[in-house]
Amino acid sequence: MRIARLLGTVLGTTLLTTTAVLTVPAQADTGVAARDGVTLDRPALRDSLDAVHEAGMYGVFSSVRDGREWWTGASGQADVATGRPVTPDMRQRVGSISKTFTAVGIMQQVERGRVRLDAPVGDYLPDLIPGERGREITVRMLLNHTSGIGDYVLSAFPSLAKGSADSLEAERFRSVRPAELVRTGLAAPATGRPGAVPGSYSNTNYVIAGLLLEKVTGQKADAYLTRQVIDRAGLRHTYLPRTPYIKGPHPRMYESWFGLLDPARDFSVYDMSWASTAGSVVSTTDDLNRFYRALLGGKLVGKASLDEMTRTVPVSGVDYGLGIYSLELRGCGRFWGHDGAVFGAGTIALSSRDGKRQMALAQNLMKYQELDENGRPKPHPIDDAIAAYVVRALCPDTPASGIDHSRLTKSFRFDQLSH
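Our subject in this report is the structure included herewith. (Residues numbered from 1 in each chain as written. Predicted model: local features only at pLDDT ≥ 70, side-chain atom pairs only at ≥ 80, totals over all residues. Heavy atoms only, no water.)

### Points about the packing of helix α2 (residues 42-54) against helix α14 (residues 381-394)
Then comes step 1: Axis separation between α2 and α14 bottoms out at 8 Å; the angle between their running directions is 160 degrees. In terms of their interaxial angle, α2 and α14 are classed as roughly antiparallel. Crossing of α2 over α14 shows left-handed handedness. Facing α2, whose interface residues are A44, L45, S48, L49, A51 and V52, α14 presents I382, A385, I386, A388, Y389, R392 and A393.
Then comes step 2: Its residues assigned to classes, the contact of α2 with α14 comprises 11 nonpolar, one polar and one charged. (Axes fitted to C-alpha atoms, helices over the stretch in contact; angles between N-to-C directions. Helix = DSSP H or I, 4+ residues; strand = E, 2+ residues; numbered from the N terminus. Parallel < 35°, antiparallel > 145°, perpendicular 65-115°, else oblique. Left-handed = near helix turned anticlockwise from the far one by under 90°. Contact = heavy atoms within 4.5 Å. Nonpolar A, V, L, I, M, F, W, Y, C, P; charged D, E, K, R; others polar.)

Shown next as structure tokens:
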């Protein structure tokens, strides 16, 4: 099957769509300049965000910062049935941006001497990862995806490999324990030898990291991350959910799964235990900017830990550190962050290394593209629209023509299940 081939290689490479253009206008800007020297071109940002919606995205919302100056905007619909518009303050499932939160929790324990990055994971979780694997795979290999452990996601939703999206609905309210996810990932074919590069992206690594965090702290991972990461960063609208429902204002989250779901189905109500500490965080675009600003500014971990987190290796086409990756925009600079995808929701968050220039963007329609004869997503105008917005937000002085959009969009692996 084409979808099986797609999932068996990289579970997708880029965000594309085939939906019709909607006509809901962008919401009014809510940002205010906090200094005389204005560097955010609000009309241009608003027009660029509108272009993403006009290219076919149901709804899109974003926050942009440059120092103390900020802008937020939204364009399109939160609910296509009622026409309810998206607003900039909406909550969103942020998928694998959760990995940065989990990595921060582990690095805090490294600083306390409870975890050693280059110690075998079997030293901490001998019953979960016994034998040779437990001796060869280190904590660092989990965090930078060089463990060679396969992903559990396809096994968790088995109909996808058969060209059917039935599993997505069938598993909507299923609660699954992290250890079960890990056992499934360990049973999958290994993606390489431990420590070998390039690494292979696997959600299993970060479920193990969450269990490691619980082992060394004696606390549930969600409780620890809430107190020591989310609260310390000053995030007011970010949390790890305990029910299938999202608290606070949020859009409906539409999943097309490459046309198998037509019309696209709303998965905004979903038990996210399947994503665990690899991808279950709920947040807002403003909170995500605040989080990465706190992290890169040294408020969550010290300089030595940040240096470790920003040491990258090649992983599935990106330069990946410990729960964070870097993206080079030619003529503009290097930015740090993550992107994430779950059923119906995709999010990007990128920051300059000093945390001054930031952009976070969220949208509520996923895997809406057609596949070619090789099972690969076909290009779509939304690719360029998102890339142009990212460039406008992060590199206002760089002409869009100076950025390799194809490379940029391939860095946002939105049609993975949770990455």
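Text resumes after the structure shown.
### Examining the sheet that holds strand β13 (residues 365-366)
Then comes step 1: The mixed open sheet is built from three strands, whose spatial order is β5-β4-β13. The sheet is open, and its two edges are formed by β5 (265-266) and β13, each paired on a single side.
Then comes step 2: In this sheet, β13 lies alongside strand β4 (residues 254-255) in parallel orientation, the contact comprising two bridges. Within β13, the position partnered with Y254 by the bridge is L365. (Pairing = 2+ DSSP bridges.)

### Overview of α14
Then comes step 1: Look at α14: 20 Å from first C-alpha to last across 14 residues, which is about the 20 Å you get at 1.5 Å a residue.
Then comes step 2: A large share of α14 lies buried, amounting to 10 of its 14 residues.
Then comes step 3: For α14, the complete set of buried residues consists of I382, D383, A385, I386, A387, Y389, V390, V391, A393 and L394. (Expected span 1.5 Å × (residues − 1). Buried < 20%, exposed > 50% of the residue type's maximum accessible area, 1.4 Å probe, protein only.)

### Some points on the state of the cysteines
Then comes step 1: Under the counting rule described, the total for this entry stands at one disulfide.
Then comes step 2: For C332, the disulfide goes to C395, at an S-S distance of 2.0 Å. On the S-S bond that ties C332 to C395, the torsion sits near -95 degrees, and the link is left-handed. Taken together, the residues C332 in the loop between β9 (325-329) and β10 (333-342) and C395 in the loop between α14 and α15 (405-411) connect sequence positions 63 residues apart.
Then comes step 3: Owing to a relative accessible area of 2%, C395 belongs among the buried residues under this scheme. (Disulfide = S-S within 2.5 Å.)

### Considering the pairing of strand β1 (residues 59-66)
Then comes step 1: Burial within β1 is extensive, with eight of its eight residues counted as buried.
Then comes step 2: Covered by surrounding structure in β1 are G59, F61, S63 and R65 together with V60, S62, V64 and D66, the residues of both alternating faces.
Then comes step 3: Judged from the eight bridges that link them, β1 and strand β2 (residues 69-76) form a sheet pairing that is antiparallel. Counterpart to S62 in the pairing with β2 is G73.
Then comes step 4: The turn linking β1 back onto β2 is made up of two residues, and G67 within it adopts a positive phi angle of 65 degrees.

### Quick look at helix α10 (residues 221-230)
Then comes step 1: Those residues of α10 that sit buried are A221, A223, Y224, L225, V229 and I230.
Then comes step 2: Packing partners of the buried residues in α10 comprise α3 (98-111), α9 (203-217), α11 (276-279) and α12 (285-296).

### Remarks on the pattern of salt bridges
Then comes step 1: Evaluation of the coordinates by the stated rule reveals 20 salt bridges.
Then comes step 2: E132 is the partner of R193 in a salt bridge, and the nearest nitrogen-oxygen pair spans 4.0 Å. Remark: E132 occurs in helix α4 (residues 131-136) and R193 occurs in the loop between α8 (178-187) and α9; sequence separation between them is 61 residues.
Then comes step 3: Taking the relative accessible area as the measure of exposure, R193 reaches 52% and is therefore exposed.
Then comes step 4: Salt bridges linked by common partners bring D118, R140, E308 and R311 together as one network. (Salt bridge = Lys/Arg side-chain N within 4 Å of Asp/Glu carboxyl O.)

### With respect to the sheet that holds β2
Then comes step 1: A sheet is described by the order of its strands in space; here eight strands give the open sequence β2-β1-β12-β11-β10-β9-β8-β7, paired in antiparallel fashion. Edge positions in the open sheet fall to β2 and β7 (313-315), since each of these has one partner strand only. Within the sheet, the average angular offset between the axes of one strand and its neighbour, ignoring direction, is 25 degrees.
Then comes step 2: Relative to strand β12 (residues 357-363), strand β11 (residues 345-352) runs antiparallel, the two being bridged by six bridges. Bridged to G346 within β12 is Q363.

### Observations regarding the side chain of Q358
Then comes step 1: Within the element layout of this structure, Q358 appears in strand β12.
Then comes step 2: Given a relative accessible area of 0%, Q358 falls into the buried group.
Then comes step 3: In terms of polar contacts, Q358 uses its side chain to reach the backbone carbonyl oxygen of N289, at 2.6 Å.
Then comes step 4: With residues near it in sequence (within four places) discarded, Q358 still touches S63, V64, R65, N289, Y292, R293, L350, S351 and L394. (Polar contact = N/O pair within 3.5 Å; in protein donor to acceptor, adjacent residues only side chain to side chain.)

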